[in-house]
Amino acid sequence: MYQIVPVAPGEQQTSRGAGGSPLKKKLANEGRPLLMAGLLGCVLVLAAVVAWCYYSASLRKAQLLKTELLNLNKDGFIIHNQAGAVIFTMNFRSGTLDLDSCSKDGSILSCTRSHSGKLNFFIQTVRPKGTVMCYRVRWEELESKQLVEHAMAYNDSHWYGGAETATQYWPLRIQGEEDPQPFITSDIYTNRNAFGGILERYWLSSNATAIKINDSVPFHLGWSEKNRTLRFQARYQDSPFRPPAGQQALPELSYRVCVGSDVTSIHKYMVRRYFPKPIKVPSPEVFKYPVWSTWALHKTAVTQEKLLRYASDITKHGFTCSQLDLDDRYTADYGEFDFDPQKFPNASGMFDKLREDGFQVSLWTHPFINYDSMNFGVAVEKGLFVREPSGELPALVRWWNGIGGILDFTNPETREWYSSHLRMLKTRYDVTSFKFDAGETSYLPRQFSTLVPLSDPSTFSRRYTEMAIPFSERAELRVGYQSQNISCFFRITDRDSVWGYELGLKSIIPTVLTISILGYQFVLPDMIGGNAYPNHTTGGSDGKNGLPDRELYIRWLELSAFMPAMQFSIPPWAYDNEVVQIAQKFTELHETLVAPRVLELASEVVDTGDPIIRPLWWIANDDEAAYKIDSQFLIGDDLMVAPVLEPGKQERDIYLPAGRWRSYKGEHFDKGPIYLTDYPVDLDEIAFFTWVH
């Protein structure tokens, strides 16, 4: 029997026979593409939904990783200014963040994992005042890891700060590839590749950004010329840094980045916020009148007769004197605190004579006691020395005058013993003050122990600077680390008698500008003409044995007259009468023009910390040219100085920022900024300009 199946009009009805229904086959064949299309549509819709969800999640994550003009990614972060330009870039070199572990809570953006394990990472936004935005950054390893390193890109800006160096440039120059080294105080006269005796963990950029590395960081600094980066590294391995007692040696890199409206205002903010200020202004006499040192003239061969003759010659040639520095070596052995009776047979009578003639005398001192000094045994018995790691034996150190122990200024007994000897000298001979030499961390043994453990070795330099406090009115220091509140004169490291940037005449302005930016304003430049070592002296045509080149000496003298204080050692009369007259002219100019302005600014330092010696960009922070000038400087905002620093020149190019300026010759310039090319400056002149209000 046949079954009737209804069909659509036009379709042929067929019977169910062998091999199945042709109609069903046709329906199946036609339905498959429709089914596939439907499935594909569903897949596409699902994919679109997933993509949208993923995109939304990415947007949310991207939004999560932004905070107040800062964008975080797994490899680092960037900061924009209000106009949207990138002004700061930091790359994470030692690890990458797992962004899925990141979260945001108010002003804190934090992450708990890196690609290699657990960590504590956060960036906290702080808006301390209207024009300043700061970011607290911390990367703390929570599992065993040797180091943390972040690399700060230059971003086509100019950077300043860090440390005194042997070859000093302004702004900083990144040269070569340098793996991160311990950022600790060192003697750059003996190790010219080290960081200097005055340093701070602070850098400032022409992009109006500043970075301050936290005190707790075991901080190492390197750089890459190829990548145009400064490398900031925290590590304990192969390092003189030690974790605080009871803590694991897990490195932590933490710092603050602050952004302002301009470079001057952000620096002022950082100084007020993070640097201690001096509590008083040192002796006005040292600002006004030259210091005269025996060092470059007599070295260690100084005697009573030579000192009295030197003082007599100063008076005879009509010069003033704030104080006479009796330098190395007036004692019989290093580490003693009285006069060598052979070299100074009547020290009391000598001091009486000097006092009668109107001279205040300052004595050289240092933290070493050589093994052949009679005080060496005393110091061993009393436990006054820095010791070997075991703490049992004093650690012997080598310094430029021999081998001995170095006093442990973390020990209150050491401080009192050392101070009592200085007080005795002051009382017995009416000594006015002391020139505190050395104090750099580089003179500590590689492995050492102190009574109070030092997590940061440079704290040793800080403790040494504190020894100058009772004598700070006229004291001199050549180290500084977190020591801006020590109200004495900070002397830049010894110079060679050469023209160039490596401890020469050209290095003085960059060095003074750098340590001023680091908060040290009462600057005593080195002796006029430098150390006069025969193998570190530009040869002169005057034929005088052992003297710096005559022209170099004159140009050095002229520059020193515009520094906060002047210091002679090689006397002008060692040359000829013309040099004496030039020296008299410039010591008088320093006394009448420079010192009153410097003292006025010095009184402001106590409140503000602002530099006395300022870069040109201080008053021209929208002027690209001002950021690169290293041979001119400002005293305050209204006195600009442009010394000649090249041999054989009686002219120089001078840059005048925008404003109205009057030259020392009486010319007026009021269409700035302008370059004065080949501006004539005679051998007995220095070009300077005053701001006309």
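Residues numbered from 1 in each chain as written. Predicted model: local features only at pLDDT ≥ 70, side-chain atom pairs only at ≥ 80, totals over all residues. Heavy atoms only, no water.

(A) The arrangement of the overall build of the protein in detail. For the protein, the helix and strand inventory stands at 12 helices and 35 strands. Against the 2.2 N^0.38 benchmark of 26 Å for 693 residues, the protein shows a C-alpha radius of gyration of 34 Å, more extended than a compact globule. Across its three principal axes, the protein shows a C-alpha extent of roughly 150 × 70 × 45 Å. Among the 693 residues that make up the protein, the fraction classed as buried is 55%. Of the contacts made within the protein by residues no fewer than 6 positions apart, 68% connect residues no fewer than 24 positions apart. Surface accessibility of the protein: about 29200 Å² in total, with carbon and sulfur atoms responsible for 51%. The protein carries 71 positive and 81 negative side-chain charges, and their two centres are separated by 9 Å. (Helix = DSSP H or I, 4+ residues; strand = E, 2+ residues; numbered from the N terminus. Rg over C-alpha atoms; globule rule 2.2 N^0.38 Å. Buried < 20%, exposed > 50% of the residue type's maximum accessible area, 1.4 Å probe, protein only. Contact = heavy atoms within 4.5 Å. Areas by Shrake-Rupley, 256 points an atom, 1.4 Å probe, with all protein chains shown as cover. Lys, Arg positive; Asp, Glu negative; His and termini not counted. Charge placed at Lys NZ, Arg CZ, Asp CG, Glu CD.)

(B) Main features of the UniProt feature "domain: Glycoside hydrolase family 31 TIM barrel" (unreviewed entry) in the protein. UniProt's feature table lists "domain: Glycoside hydrolase family 31 TIM barrel" (unreviewed entry) at residues 301-444 and 505-593, given in the numbering used throughout. Taken end to end, residues 301-444 comprises 35% helix and 17% strand; its first and last C-alpha atoms sit 28 Å apart. (UniProt positions renumbered as here; feature names shortened; annotations may be inferred.)

(C) Molecular detail of the nonpolar core. If you look at the biggest cluster of nonpolar residues, it comprises 156 residues, and the most contacted ones within it are Phe339 and Phe436. Looking at this core element by element, the count peaks at 10 residues for helix 12 (residues 577-608). Once residues lying within four places of it in the same chain are set aside, the contact partners of Phe339 are Leu326, Tyr330, Phe344, Ala347, Met350, Phe351, Leu363, Leu425 and Tyr429. Counting 43 residues, the second-largest nonpolar core is a separate cluster that includes Phe77, Leu221, Leu230 and Leu253. (Core = buried A, V, L, I, M, F, W, Y, C linked by side-chain atoms within 4.5 Å.)

(D) Just the state of the cysteines, in detail. Taken as a whole and judged by the stated rule, the model has two disulfides. At a sulfur-sulfur separation of 2.1 Å, the disulfide partner of Cys102 is Cys111. Here Cys102 and Cys111 share a disulfide; its torsion about the S-S bond, 100°, makes the bridge right-handed. According to the relative accessible area criterion, Cys102 is buried, its value standing at 7%. Look at Cys111 and you get buried, because its relative accessible area is 2%. Here Cys134 pairs with Cys258 through a disulfide, and the sulfurs are 2.0 Å apart. Its torsion about the S-S bond being 110°, the disulfide of Cys134 and Cys258 is classed as right-handed. Remark: Cys258 occurs in strand 16 (residues 252-259) and Cys134 occurs in strand 8 (residues 132-141); sequence separation between them is 124 residues. (Disulfide = S-S within 2.5 Å.)

(E) Spatial organisation of helix 8 (residues 412-429). Spanning 18 residues, helix 8 covers 26 Å between terminal C-alpha atoms, matching the ideal 26 Å at 1.5 Å per step. Of the residues making up helix 8, those classed as buried are Thr414, Trp417, Tyr418, Ser419, His421, Leu422, Leu425 and Tyr429. Buried residues in helix 8 make contact with helix 6 (347-356), strand 19 (361-365), strand 20 (368-370), helix 7 (374-382), strand 23 (433-436) and helix 9 (459-466). Sitting at the amino-terminal end of helix 8 is Asn411, which places a side-chain oxygen 2.9 Å from the backbone nitrogen of Glu413. In the segment just after helix 8, Asp430 is the residue with positive phi, at about 60°. (Expected span 1.5 Å × (residues − 1). Polar contact = N/O pair within 3.5 Å; in protein donor to acceptor, adjacent residues only side chain to side chain.)

(F) Seen up close, the domain arrangement of the protein. Splitting the protein by domain gives domain 1 (67-274) and domain 2 (284-365 + 422-447 + 455-611). Look at where the C-alpha atoms of domain 1 and domain 2 centre, and you get two points 35 Å apart. Opposite the 35 residues of domain 1 that make contact, domain 2 presents 43 residues. Summed over both sides, the interface of domain 1 with domain 2 buries roughly 3400 Å², with 56% coming from carbon and sulfur. (Domains from an automatic or database assignment. Buried area = accessible area lost by both parts, 1.4 Å probe.)

(G) Highlighting the packing of aromatic side chains. By the definition in use, this model includes 59 aromatic pairs. Considering the side-chain rings of Phe337 and Tyr418, the 6.1 Å spacing of their centres and the 75° angle between planes classify their relative orientation as edge-to-face. Taken together, the residues span a long stretch of sequence, with Phe337 in the loop between strand 18 (323-326) and helix 6 and Tyr418 in helix 8 at a distance of 81 residues. Taking the relative accessible area as the measure of exposure, Phe337 reaches 9% and is therefore buried. Judged by relative accessible area, which is 0%, Tyr418 ranks as buried. Each ring, one from Trp617 and one from Tyr627, has its centre 6.2 Å from the other, and the planes form 25°; the classification is stacked. Within this pair, whereas Trp617 is found in the loop between strand 28 (613-614) and strand 29 (633-635), its partner Tyr627 is found in the loop between strand 28 and strand 29, the two being separated by 10 residues in sequence. With respect to burial, Trp617 and Tyr627 carry one shared label: buried. Members of the aromatic cluster, connected to one another through ring pairs, are Phe337, Phe409, Trp417, Tyr418, Phe434, Phe436, Phe460, Tyr464 and Phe471. In this structure, Lys299 is placed above the aromatic ring of Trp295, and the distance from its NZ or CZ to the ring centre is 5.9 Å. (Phe/Tyr/Trp six-rings, centres within 6.5 Å; stacked < 30°, edge-to-face > 60°. Lys NZ or Arg CZ within 6 Å of the ring centre and 35° of its normal.)

(H) Here's a closer look at the sheet that holds strand 3 (residues 76-80). One open sheet accounts for eight strands, arranged 1-2-3-4-9-15-14-11; its pairing is antiparallel. Pairing within the sheet leaves two strands with one partner each, and these edge strands are strand 1 (66-67) and strand 11 (177-182). Sheet analysis places strand 4 (residues 86-92) next to strand 9 (residues 147-153), joined by three bridges and oriented antiparallel. Bridging from a neighbouring strand, Asn91 pairs with Ala151 of strand 9. (Pairing = 2+ DSSP bridges.)

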